[in-house]
Amino acid sequence: MRRFGLEFCLIAALAACKSGGDPRPQPPAPSSAAAPSAVASSAPVAAPPLPAPTVREGSTVARSPTSDSLYVADEDHGCVRRIRLPLDVNNPVLAVPMPGQPAQVLALADRVLVTVRSAGAVAPGKDDAAANDAADAGTSKPFTGRATLVPSATGPGLLLVLRPDPDKGLVEVARVELPQDAWGLAVTPDESTALVSSAWTHKVTAVDLAAGRVRWTVDVAREPRAVVVRPDGRAAYVTHLVGAGLTRIDDLQGEPRVRSLSLPASPLRTPVGQRLGASLAYAATLSPDGRRLFVPRHALGAVGPQAWFGAATVDVLLTGDDTPLAPLRRDGPRVVAADAKSMLEDVAAGGTAPRVNPAPFAQPRAVVYRDKDDTLLVLGEGDDSMTVLDARAVDPAMHVLASHRVASATDDPIPVARVCGAPSGIALSADQDTAWIHCRSTDDLLVWSFAWSGPRPFLHLADDRLSDEAALGRRIYYNGTDPLTSGGLGCAGCHPEGRDDGHVWHETTAVGARHPTFVSGAAVVAMGGPEDAGYARQTPMLAGRVAVEGTYGWHAESPVLTHRLVNGFALHRWNDAVTAYVARDLFDRAMALRAFLRQGLVPPPHVEGPLSEQQRVGREVFLSSGTGCSGCHAPATEYTDREPYRLFAGLPPPPGFVADPESRYKTPSLRFVGGTPPYLHDGRFATLTALVQGNDDHMGKTSHLSATEKNALVAFLETL
Amino acid sequence: MNKRSRMLLAAAAGALAVPLLFPPATRAGDPEPPLDAGADADADAGADADAGPQPLPSYRLEPFSEERSPEPGAGEWTAAPKVAIDRSGGSIAATDAPSSGRCEARRVREWMRIRCNLITAAVTLLGGTGEGLRMRLDPTPKVEWTTFPEGAEVVFPVRRGDRREIEWLGVAFGYKGMNSLEHMFVLSEQWAPGDPRPLIVAE
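Residues numbered from 1 in each chain as written. Chains lettered and ligands numbered in written order. Predicted model: local features only at pLDDT ≥ 70, side-chain atom pairs only at ≥ 80, totals over all residues. Heavy atoms only, no water.

Take the overall build of chain B next. Helix and strand counts for chain B stand at 3 helices and 10 strands. In sequence order, chain B lays out its α and β elements as α-β-α-α-β-β-β-β-β-β-β-β-β. Across the 203 residues of chain B, 52% fall into the buried class. Intrachain contacts of chain B at a sequence separation of at least 6 include 63% that bridge at least 24 residues. (Helix = DSSP H or I, 4+ residues; strand = E, 2+ residues; numbered from the N terminus. Buried < 20%, exposed > 50% of the residue type's maximum accessible area, 1.4 Å probe, protein only. Contact = heavy atoms within 4.5 Å.)

In this section: helix H8 (residues 583–599) of chain A. Over its 17 residues, H8 of chain A runs 24 Å from end to end, which matches the ideal 24 Å to within 8%, given 1.5 Å per residue. Here H8 of chain A lies mainly inside the structure; 13 of its 17 residues are buried. (Expected span 1.5 Å × (residues − 1).)

The next subject is the sheet that holds strand S3 (residues 103–108) of chain B. Judged by pairing direction, the sheet is antiparallel, and its 5 strands sit side by side in the order S2-S3-S4-S7-S6 (chain B) without closing on themselves. The open sheet terminates on both sides in strands that have one partner only, identified here as strand S2 (82–83) and strand S6 (134–137) of chain B. (Pairing = 2+ DSSP bridges.)

Residues and elements named next belong to chain B. Burial along strand S10 (residues 199–202) is two-sided: the face carrying Leu199 and Val201 and the face carrying Ile200 and Ala202 are both buried. One ladder, built from 4 bridges, connects strand S9 (residues 180–190) with S10; its direction is antiparallel. Each bridged residue has a counterpart across the sheet, and for Leu187 the counterpart in S10 is Ala202.

For the rest of this paragraph, the subject is the nonpolar core. Judged by nonpolar contacts, the single largest core of 40 residues is most densely connected at Ile92, Met112, Val123, Phe156, Trp168, Phe185 and Leu187 of chain B. For Val123 of chain B, the contacting residues outside a window of four places in its chain are Pro333, Arg334 and Val335 of chain A together with Met135, Leu137, Ala152, Val154, Ile166, Glu167 and Trp168 of chain B. The next biggest cluster of nonpolar side chains, apart from the first, holds 32 residues, and it includes Val519, Cys629, Phe648 and Phe716 of chain A. (Core = buried A, V, L, I, M, F, W, Y, C linked by side-chain atoms within 4.5 Å.)

Turning next to the state of the cysteines. All told, the structure shown has 2 disulfides over all chains when counted by the stated rule. Bridging Cys420 of chain A to Cys439 of chain A, the disulfide has an S-S length of 1.8 Å. In this pair, Cys420 of chain A sits in the loop between strand S28 (417–419) and strand S29 (423–428) while Cys439 of chain A sits in strand S30 (residues 434–439), placing the two residues 19 residues apart along the sequence. In this structure Cys420 of chain A comes out as buried when scored by relative accessible area, which is 0%. In this structure Cys439 of chain A comes out as buried when scored by relative accessible area, which is 0%. Two residues share a disulfide in this structure: Cys103 of chain B and Cys116 of chain B, whose sulfurs sit 2.1 Å from each other. (Disulfide = S-S within 2.5 Å.)

On to unusual backbone geometry, then. Residue Pro86 of chain A follows Leu85 of chain A across a cis peptide bond; omega there is -10°. Between Gly332 of chain A and the following residue, Pro333 of chain A, the backbone shows a cis peptide bond with an omega angle of 10°. One can find Pro333 of chain A in the loop between strand S21 (323–324) and strand S22 (334–336). In this model, Gln306 of chain A sits at a positive phi of 50°, which is unusual for a non-glycine residue. Tracing the backbone through its elements, the reader meets Gln306 of chain A in the loop between strand S19 (292–300) and strand S20 (311–318). On the basis of relative accessibility, which here comes to 44%, the residue Gln306 of chain A falls in the partly exposed class. Located in the positive-phi region is Arg109 of chain B, a residue other than glycine, with phi close to 55°.

Here the focus is helix H5 (residues 468–478) of chain A. Residues separated by three or four positions in an α-helix point in the same direction, a consequence of the helix having 3.6 residues per turn. The element H5 of chain A is extensively covered by neighbouring structure, given that 10 of its 11 residues are classed as buried. Those residues of H5 of chain A lying buried are Glu469, Ala470, Ala471, Leu472, Gly473, Arg474, Arg475, Ile476, Tyr477 and Tyr478 of chain A.

Turning to the confidence of the model for chain A, a few remarks are in order. Residues and elements named next belong to chain A. Scored by pLDDT, chain A comes out at a mean of 86, with 87% of its residues at no less than 70. Every residue in residues 1–16 scores below 50 in pLDDT, and together they form 46 contacts with partners more than four places removed in sequence or on other chains. In this model residues 18–50 is a low-confidence stretch, pLDDT under 50, and it forms 54 contacts with partners more than four residues away in sequence or in other chains. (pLDDT = per-residue confidence, 0-100.)

In this description, an aromatic ring pair is defined by two values, namely the gap between the centres and the angle between the planes. Under the criterion given, the structure shown has 14 aromatic pairs over all chains. Ring geometry for Trp168 of chain B and Phe185 of chain B: centres 4.9 Å apart, planes at 20°, overall stacked. Here the residue Trp168 of chain B occupies a position in strand S8 (residues 163–172), and Phe185 of chain B occupies one in strand S9, the gap between them amounting to 17 residues. A relative accessible area of 0% places Phe185 of chain B in the buried class. Connected via pairs of aromatic rings, a cluster forms that spans Trp308, Phe309 and Trp505 of chain A. The residue whose ring lies beneath Arg225 of chain A is Trp183 of chain A, and the NZ or CZ to ring-centre distance is 4.8 Å. (Phe/Tyr/Trp six-rings, centres within 6.5 Å; stacked < 30°, edge-to-face > 60°. Lys NZ or Arg CZ within 6 Å of the ring centre and 35° of its normal.)

Time to look at the packing of helix H9 (residues 613–623) of chain A against helix H12 (residues 707–717) of chain A. Residue and element names in this part refer to chain A. Where H9 contacts H12, the axes come no closer than 7 Å and their chain directions differ by 95°. As far as their axial angle goes, H12 and H9 are roughly perpendicular. Between H9, through Gln614, Gln615, Val617, Gly618, Arg619, Val621 and Phe622, and H12, the contact on the second element is made entirely by Glu709, Asn711, Ala712, Leu713, Ala715, Phe716 and Leu717. (Axes fitted to C-alpha atoms, helices over the stretch in contact; angles between N-to-C directions. Parallel < 35°, antiparallel > 145°, perpendicular 65-115°, else oblique.)

Moving on: the sheet that holds strand S32 (residues 458–460) of chain A. The pairing of strands in a sheet happens through backbone hydrogen bonds and is either parallel or antiparallel. Residues and elements named next belong to chain A. Read across the open sheet, the 4 strands follow the order S29-S30-S31-S32; overall the sheet is antiparallel. The open sheet terminates on both sides in strands that have one partner only, identified here as S29 and S32. Across the sheet, the mean angle from the axis of one strand to that of its neighbour is 15°, orientation sign disregarded. Examined bridge by bridge, S29 and S30 share 5 bridges and lie antiparallel to one another. Looking across to S30, one finds that Leu428 is bridged to Ala435.

As a further point, take the confidence of the model for chain B. All names here are of chain B. In the predicted model, chain B carries a mean pLDDT of 78, and the fraction of residues at 70 or more is 75%. Scored below 50 in pLDDT, residues 1–47 makes 100 contacts in the model with residues more than four places away or belonging to other chains. This prediction of the complex comes with two scores: 0.88 for pTM and 0.87 for ipTM.

Attention now goes to the pairing of strand S5 (residues 102–107) of chain A. Consecutive side chains of a regular strand alternate in pointing toward one face of the sheet and then the other. Residues and elements named next belong to chain A. Where burial is concerned, most of S5 is hidden: 6 out of the 6 residues are buried. In this sheet, strand S6 (residues 112–116) lies alongside S5 in antiparallel orientation, the contact comprising 5 bridges. Residue pairing in the sheet places Ala107 in a bridge with Val112 of S6. Adjacent in sequence and paired antiparallel, S5 and S6 are bridged by 4 residues.

Next comes the structure, spelled out in structure tokens:
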């Protein structure tokens with residue numbers, strides 16, 4: 001068994017796509033008693049003669065229908081890995097380079113489909129940023145400052161159709177260009193049509209797989225991610241990383257019809273009379289009969305014990321009539337023991353909200369339906385978990401059957417996973433007794449047997465391509481369990497992929513010994529009434545916006561980025577300051593995060609090319625002294641001068657918030673501003689057009705502009 | 001220790017399972033009680049005392065009628081046999097063993113009764129229809145060492161279109177009366193339009 005463990009690691013070293021692997025001989029593994037016996041048991045044996053469950057949705061890991069291979073879409077190494085089944089140390093892992101960063105993979109009987117976010121994009125790392133790594137090595141050097149460390153991709157999204165090949169792993173047979181940031185993937189039941197979501201460009205495209213061409217492309221709401229096709233093949237559902245709604249597309253083979261669906265987020269945790277926002281709907285799955293669609297995500301503003309960030313939820317749509325299964329919360333009726341009445345008034349403990357754990361998992365990232373026992377397996381990126389939920393419940397997230405921590409080997413003193421961190425994809429064996437889990441922050445493949453509870457074998461696919469410091473930052477960024485950096489939700493919970501959740505948070509005021517904190521909904525603000533509803537804080541995007549040195553924070557209160565990060569450690573939790581840690585603990589984490597934010601986060605794609613006439617006019621307006629836009633939004637430094645200015649002073653705050661007595665706000669970066677609604681620091685403008693129309697000379701001078709010039713200004717801003 | 005060595009050690013570290021609030025009688029991956037074990041299985045339990053605990057018959061053994069009947073009386077509940085719901089996570093009895101849960105389910109016509117002999121602080125309808133729903137706490141015992149009811153029950157009809165979630169709260173006793181509410185389980189009942197049958201689970 002020891003040999004197996006060692007050889008697995010050597011395979012991993014050889015499997016790195018580019019420079020990630022280190023093939024040097026390694027010392028022997030620990031004693032055989034602790035070695036992963038499941039690896040031995042998974043040495044070549046006949047595959048069980050069970051029909052494979054039909055999988056028609058992509059993930060970061062996919063099993064071939066014949067159960068002879070696994071495929072892993074390794075976005076951070078720019079390749080798809082083929083792993084032979086049954087797992088055997090004599091079968092090397094093949095890394096097939098992709099023409100960009102792959103997002104999802106789906107294995108059909110004779111083809112493997114892969115989405116590539118943008119053609120030509122190179123995963124950040126050692127190969128292309130060696131100089132940067134050298135410049136930033138160590139934890140005490142100041143950042144040397146490069147305007148953009150990770151460039152925006154400029155190529156189109158791709159759907160690759162590949163043929164399994166025994167020697168090469170996969171051979172490309174077709175390539176279809178798609179809108180940029182191609183991500184989610186599904187096929188119709190007859191496997192004639194693939195549907196692909198393009199996240200940043202908010203499109204869904206149907207691809208005729210036989211002809212290898214685009215059948216249609218439609219515009220949908222912001223950040224479409226998972227695509228699920230109904231069993232009858234007539235319609236598809238699309239989830240969104242931002243917002244609580246879904247999109248349904250009908251007539252997939254003909255003229256597509258798009259409509260929005262309402263699916264309330266965590267209705268049973270919703271304050272009575274309200275509707276919640278949602279985020280992180282990366283994944284969705286149907287019940288085997290197709291009658292229920294399950295959408296794991298994060299409910300913003302949900303109530304419960306210490307639910308400062310909301311709640312993890314799995315919302316269920318009845319596909320018969322596209323209505324939500326769960327009813328909205330009602331405040332009773334209830335029966336209460338006399339001595340329990342005061343306990344129900346304890347708002348910090350949850351008040352009259354459901355007391356069942358609001359965070360059975362953190363940052364849902366993937367889901368599968370295990371039909372042999374009607375359970376849902378949800379991967380939690382933030383708590384490195386696989387949670388088993390009862391799919392027969394009205395609100396599955398309230399019905400936890402088991403919680404498994406998939407990570408192990410945490411760093412000391414920073415307790416983030418070294419093995420199986422940030423699980424991001426899952427595939428089941430044909431008999432559903434084994435799950436293969438791809439863990440993104442450590443690039444491992446975990447083998448999880450449901451019939452065995454001992455140590456879990458894993459396959460390390462490749463070392464991180466980032467510097468050691470940035471690689472640690474990556475693991476911290478996803479992690480929501482380190483008690484210093486987070487109170488239960490990782491950076492990626494609000495800044496998924498370095499983007500934003502589209503939510504306006506409440507920054508509560510400091511009262512007495514209480515430190516200011518962020519909460520996701522006014523009803524969760526525990527300590528006071530409406531006067532303590534907090535200041536409005538619209539989540540800012542990070543990717544591509546934090547490379548420049550200078551002030552950070554809402555009011556430019558932080559002289560450098562690391563200072564802001566340390567402040568964030570205190571803000572993002574339930575009402576207690578970070579007091580039990582020495583400065584070094586804070587500093588090391590902040591430095592690692594800074595390295596990852598600048599070296600590892602991939603900015604959204606960008607369209608290259610000359611400006612249109614309207615955009616050119618808009619640029620002139622933007623740069624003109626008459627408007628003064630570029631005086632603060634300096635183009636040379638990410639369109640910000642990082643200085644604070646008094647803005648919209650004297651106007652009432654948005655409903656549900658209190659006025660911030662400090663009205664000077666730091667100039668935000670405008671990079672990618674076209675894709676990050678809502679706008680202004682308090683999210684009061686739903687669109688860029690509304691912002692320009694409603695600016696009323698609060699920022700620069702725009703009142704004198706004609707309607708044409710305002711439209712042109714918006715058109716230019718959308719190109720940044 | 002280098003990176004890869006740490007990784008090897010990690011393989012041996014294993015994974016942690018978070019214990020459930022209740023010791024699970026059925027866990028994910030374990031066999032479910034047979035849906036149609038039925039009265040025969042129940043009778044067999046009495047006939048063969050050495051056979052060990054027998055699964056309770058499913059509450060769905062008899063189809064649910066579309067007709068609405070009045071809420072059963074106390075005598076009817078007493079006479080009704082215990083039944084198993086679709087999944088209980090250990091909170092509601094799934095077998096006839098005396099140790100199988102401190103809660104039990106019984107059915108009379110379209111009516112279900114869930115009763116728990118546990119110290120109970122509150123029972124709340126979180127959402128869904130309240131029509132026909134009756135929740136009751138047992139009287140608080142007149143003894144000096146407890147001030148909470150030691151049992152509670154919920155009665156509700158099972159009808160098409162239903163969906164409801166009901167939370168059971170107990171008490172976590174702390175030092176010198178520093179008590180707090182403690183989540184025990186949530187009962188879920190649904191009969192969604194078009195579904196051939198209802199679903200009742202509690203975890």
